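Spelled out, the chains give:
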Amino acid sequence: MTHRPVRADREPVTTNGTLALVNLSAQIDGVAAPVRRAGSAAPLAVAQQAVLVDLLTLRGHLLGRVADYEQAAQLSEQMVWNAPDDSAALLARARTRATLHRFAQAMADLDAAGRTGAAQVTLDAERVAILQAVGCHAEAHGLLRSAAPHQSDFTMLSALAVLQAERGETAEAEHVFDEARAVYRGVSPFPLAQLDFRRGVMWMREGDLPTARSWFDTARRRVPGYAPATGHLAEVDLLLGDPETAVARLRPLVETSDDPEYPAHLALTLRAAGRPQEAQPWRDRAAERYEELVTRHPEAYTDHAAGFWLMVGGNVDRGLQLALQTLVMRPTSRSYALVRRAHEASRGPARDASGSRHPATSM
């Protein structure tokens, strides 16, 4: 059965998404200025910098800006350097490390934050997301249950819905997604857009593309500049046989985001639309950017780069190499699936003299 978003008359009312993005950037600028003036050693500056780290991370996610993630990570490293026993600094660094998939280091920071006085409920909430990311769903569920009484209903229900979606408990997750939306009382559009996006991801994994598209579109309408939702909409468009619409969605993203996922998807989509010459510069741009990010942030981008080389990148050997690196760094079910996919590709159609499959056959 196909599931559709809730009716418009039940939609929570939030701030206009475009205006909220403008305000977010203004808030980042406003917080950054006094942080610079105060000096990083001042106690007030630590609290301000922690806020700035979270704002940069949020904007990085919403707009697909790796530079924001990197700025947040650099700032959090400096915070801990200047205040190594400050729990707020350690928590901020744990979050940025988790964002860049440096999960073991993030866990170490959470342990250190606990020793310096961070609340257990705060630590547990942070650990839930990390455990979920590395596939430890049972442990994540146990911590979530212990943290639930201390969280808002929306925060708790959102985390539970995403966890159930990750565990493949789709029917249960659907009910909890609905509950989370029903209890939302905030005015920011971002938490709801993120929730609806994750719901779309769940249905995409289940192969229900129309329902996935509905939720991605719901997220994008709430926050029109939401890069992941727009990118996934383009992916669904392509899978449903509409590459031209996918191209139109992706073109603005490749101009505003520095994430190589979007030029890679644009190259793939242009090829599907029968425009290989137009696709080549975007393929090359994505290849260069992936190599940069694999060098700087291997934990976060090696798996994505592997997928790129196995598809539009057209180099199966490089894809297999990166897939194996991913498996060593993070031996999850998804990593094993990526390696299987790479091995299957390596045994696929004839390859050229360099050992790479031709791009036209790698889509």
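What you are looking at is a predicted structure, and each value in this text was computed from that prediction instead of being measured.

## Comments concerning the confidence of the model for the protein
Alright, step 1. Per-residue confidence for the protein averages 90 on the pLDDT scale, and 90% of its residues sit at or above 70.
Alright, step 2. Contacts of residues 350-363 to residues separated by more than four positions or lying in other chains number 30 contacts, the stretch itself having pLDDT below 50.

## Here's the deal with the packing of helix α6 (residues 120-133) against helix α7 (residues 137-147)
For any two helices packed against each other, one specifies the crossing angle of their axes together with the interaxial distance.
Alright, step 1. Two elements in contact, α6 and α7, have axes whose closest approach is 8 Å; the angle formed by their N-to-C orientations is 155°. As judged from the angle between their axes, α6 and α7 are roughly antiparallel. Our pair here, α6 against α7, has a crossing hand that is left-handed. In this structure, α6 contributes Val121, Asp124, Arg127, Val128, Leu131 and Gln132 to the contact, and α7 contributes His137, Glu139, Ala140, Leu143, Leu144, Ser146 and Ala147.
Alright, step 2. Here the residues of the contact of α6 with α7 are counted per class, giving 7 nonpolar, 3 polar and 3 charged.

## Digging into the nonpolar core
Alright, step 1. Leu52, Met79, Phe177, Phe190, Phe197, Phe216 and Tyr226 are the most contacted members of the largest nonpolar core, which totals 69 residues.
Alright, step 2. A total of 9 residues in this core trace back to one element, the largest contributor, which is helix α10 (residues 190-205).
Alright, step 3. Excluding residues within four positions of it along the chain, Phe177 makes contact with Ala161, Val162, Ala165, Leu195, Arg198, Arg199 and Met202.
Alright, step 4. Ranked by size, the runner-up nonpolar core spans 34 residues in total, among them Ala246, Val247, Trp309 and Val316.

Conventions and cut-offs
Residues numbered from 1 in each chain as written. Predicted model: local features only at pLDDT ≥ 70, side-chain atom pairs only at ≥ 80, totals over all residues. Heavy atoms only, no water. pLDDT = per-residue confidence, 0-100. Contact = heavy atoms within 4.5 Å. Axes fitted to C-alpha atoms, helices over the stretch in contact; angles between N-to-C directions. Helix = DSSP H or I, 4+ residues; strand = E, 2+ residues; numbered from the N terminus. Parallel < 35°, antiparallel > 145°, perpendicular 65-115°, else oblique. Left-handed = near helix turned anticlockwise from the far one by under 90°. Nonpolar A, V, L, I, M, F, W, Y, C, P; charged D, E, K, R; others polar. Core = buried A, V, L, I, M, F, W, Y, C linked by side-chain atoms within 4.5 Å. Buried < 20%, exposed > 50% of the residue type's maximum accessible area, 1.4 Å probe, protein only.

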